[in-house]
Amino acid sequence: MLVTYDGIVVGRREIGENSCFIDILTDEQGIVEATAHGAKKINSNLLSSASLFSYSTFCLNKNKMRYTVNSAKPKFGFHEIGADIEKLALASYFAQAVKFCTPSEQNQLESSRDSLVLFFAVSLYETLHAGEQVTSGHTRTLAAVKAAFELRYSSMLGFAPDLVACHNCGHYECERGMYFLPRKAKLVCADCLNPDFEGDRVLLLPETLFAMRNIVFSPLKKCFKFSVGEQAEEQLSEIAEDYFLYRTERTFTALEYYKKL
Ligand SMILES: [Zn+2]
């Protein structure tokens, strides 16, 4: 049976001299593992589509539970990420995260309003272009891209923090500031925070809260589009990483590697 999916290669394992297994992220079937016969031959028409981070339309032959790549038409290649070790490490962390959190053979669009494939493509695009000036005087850093990925992806997995307003009084902002309670995934304003509360809390810089709301509530294509100063970026980075790792209950080797660079 032939099936066609738009997907992105998030993993690849070599088999013998000429072929490989690829893990394709799809919206319809989650992660699909497929054999790409002859993909490493220099004249193979799968050469670029079977490479890591290639975004293509894959035509697959499904036989029982096994897939083989019949043909593929590239939509977009992110292989230039490989030219920058830090970008490659970050993209590898994203791929590891998505592979771990996406079940095989399961429709992803039922559990989220967003296309996971599109989200991953946008994440790779932003990683590739990090460090380039986006508006006059503002450059989106890799740290901001990483934070946006972690927070938005947490939301897509069903762990969206409640960032609309203070959980207690319903105010959108507060002169004395807003606290984020990461374990409870909600906001409490400084006026409402119980002085006896001993759990984790972060007094958010206004810029940090603005960025967090943008990441969680914007349409997919805009969730990376925000600008923060150095201090807010540091705060946002800490919050997003901690939030994502706590919800997914694990660490990622690719993340450890990225942080060592
Ligand atoms: Zn309040």
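Residues numbered from 1 in each chain as written. Predicted model: local features only at pLDDT ≥ 70, side-chain atom pairs only at ≥ 80, totals over all residues. Heavy atoms only, no water.

**As for the nonpolar core**
Rule in force here: Buried residues of nine kinds, namely Ala, Val, Leu, Ile, Met, Phe, Trp, Tyr and Cys, make up a nonpolar core once their side-chain atoms join them within 4.5 Å. Between buried and exposed lies partly exposed: a residue is buried under 20% and exposed over 50% of the maximum accessible area for its type, with that area taken using a 1.4 Å probe on protein chains only. Boundaries between domains were set according to an automatic or database domain assignment. A contact between two residues is defined here by any heavy atoms of the two lying within 4.5 Å.
Grouped together as the largest cluster of nonpolar side chains are 71 residues, with contacts concentrated most on Tyr-93, Phe-120 and Tyr-153. The two domains that each donate at least three residues to this core are domain 1 (2-77) and domain 2 (86-260). Excluding its chain neighbours within four sequence positions, the residues that come into contact with Phe-120 are Ile-8, Val-10, Leu-25, Phe-53, Phe-94, Ala-95, Val-98 and Phe-149. Among the nonpolar cores identified, the runner-up in size contains 17 residues, and Cys-20, Ile-24, Leu-60 and Val-69 belong to it.

**Here's the deal with the domain arrangement of the protein**
The following threshold applies: Accessible area, probed at 1.4 Å, shrinks when two parts are joined; the buried area is that loss added up over both. Salt bridge, as used here, is a side-chain nitrogen of Lys or Arg placed within 4 Å of a carboxyl oxygen of Asp or Glu.
Taken as a whole, the protein is organised into domain 1 (2-77) and domain 2 (86-260). The straight-line distance from the C-alpha centre of domain 1 to that of domain 2 is 30 Å. The partner domain 2 presents 21 residues to the 20 residues of domain 1 that form the contact. Contact between domain 1 and domain 2 buries roughly 1,600 Å² in total, counting both sides, with carbon and sulfur atoms accounting for 67%. Taken together, the links from domain 1 to domain 2 amount to 1 salt bridge. A salt bridge links Lys-99 to Asp-23; the shortest N-O distance between them is 3.3 Å.

**Some thoughts on the side chain of Glu-241**
Worth spelling out the cut-off: Under the scheme used here, helices are H or I runs from DSSP no shorter than 4 residues and strands are E runs no shorter than 2 residues, and both carry numbers assigned from the N terminus. Polar contact is the term for a pair of N or O atoms within 3.5 Å; when the atoms are in protein, one must be able to donate a hydrogen and the other to accept it, and sequence-neighboring residues count only if both atoms are side-chain atoms.
Mapped onto the fold, Glu-241 is located in helix α5 (residues 230-248). Under the relative-accessibility criterion, Glu-241 is labelled buried at 14%. Here the side chain of Glu-241 touches Lys-146 through a polar contact of 2.6 Å, side chain to side chain. For Glu-241, the contacting residues outside a window of four places in its chain are Lys-146, Glu-150, Leu-255 and Lys-259.

**Quick look at the pairing of strand β2 (residues 19-26)**
What counts here: Two strands form a pair only when DSSP identifies at least two bridges running between them.
The element β2 is extensively covered by neighbouring structure, given that 7 of its 8 residues are classed as buried. Pairing geometry for strand β1 (residues 2-15) and β2, over 8 bridges, is antiparallel. Residue pairing across strands places Gly-11 opposite Asp-23, the latter belonging to β2. Here β1 hands over to β2 after 3 residues, with Gly-16 in that stretch at a positive phi of 60 degrees. In terms of strand pairing, β2 meets strand β3 (residues 30-36) through 7 bridges, oriented antiparallel.

**Brief notes about the sheet that holds β1**
For the record, the criterion: Between the N-to-C directions of two axes lies an angle of 0 to 180 degrees, each axis being a line fitted to C-alpha atoms and, for a helix, fitted only over the stretch in contact.
One closed barrel holds the 5 strands; their spatial order is β1-β2-β3-β5-β4, and the pairing between them is mixed. The average angle at which neighbouring strand axes cross in this sheet is 50 degrees, direction not considered. Relative to strand β4 (residues 54-63), β1 runs antiparallel, the two sharing 7 bridges. Bridging from a neighbouring strand, Ile-8 pairs with Tyr-55 of β4. Across the sheet, helix α1 (residues 85-101) touches β1, β2 and β3, and the angle it forms with β1 is around 115 degrees.

**Digging into the packing of aromatic side chains**
Rules: Note on aromatic pairs: the rings of Phe, Tyr and Trp (six-membered ring only in Trp) are paired at centre separations within 6.5 Å, and the planes decide the class, stacked below 30 degrees, edge-to-face beyond 60, tilted for the rest. Working rule: Lys NZ or Arg CZ, within 6 Å of ring centre, within 35 degrees of ring normal, means a charge sits over the ring.
Taken as a whole, this structure holds 14 aromatic pairs when the rule is applied. Between Phe-119 and Tyr-153, the aromatic rings sit 6.0 Å apart at their centres with planes inclined by 20 degrees, giving stacked as the arrangement. Pair noted here: Phe-119 is in helix α2 (residues 116-129) and Tyr-153 is in helix α3 (residues 142-159), with a separation of 34 residues, a long-range link. Note on Phe-180 and Tyr-243: the rings are 6.0 Å apart at their centroids and 45 degrees apart in plane angle, and the pair reads as tilted. Of the two residues, Phe-180 is situated in strand β9 (residues 178-181) and Tyr-243 in helix α5; the sequence distance between them amounts to 63 residues. Of the residues examined, Phe-180 reaches a relative accessible area of 0% and is grouped as buried. Taking relative accessible area as the criterion, Tyr-243 reaches 1% and is therefore assigned buried. Among the aromatic residues, those joined into a ring-pair cluster are Tyr-93, Phe-94, Phe-100, Phe-119, Phe-149, Tyr-153, Phe-224, Phe-244 and Phe-252. Arg-183 extends its terminal NZ or CZ atom over the ring of Tyr-246, reaching a point 3.9 Å from the ring centre. Sitting over the ring of Tyr-172, Arg-213 keeps its end group 3.8 Å from the ring centre.

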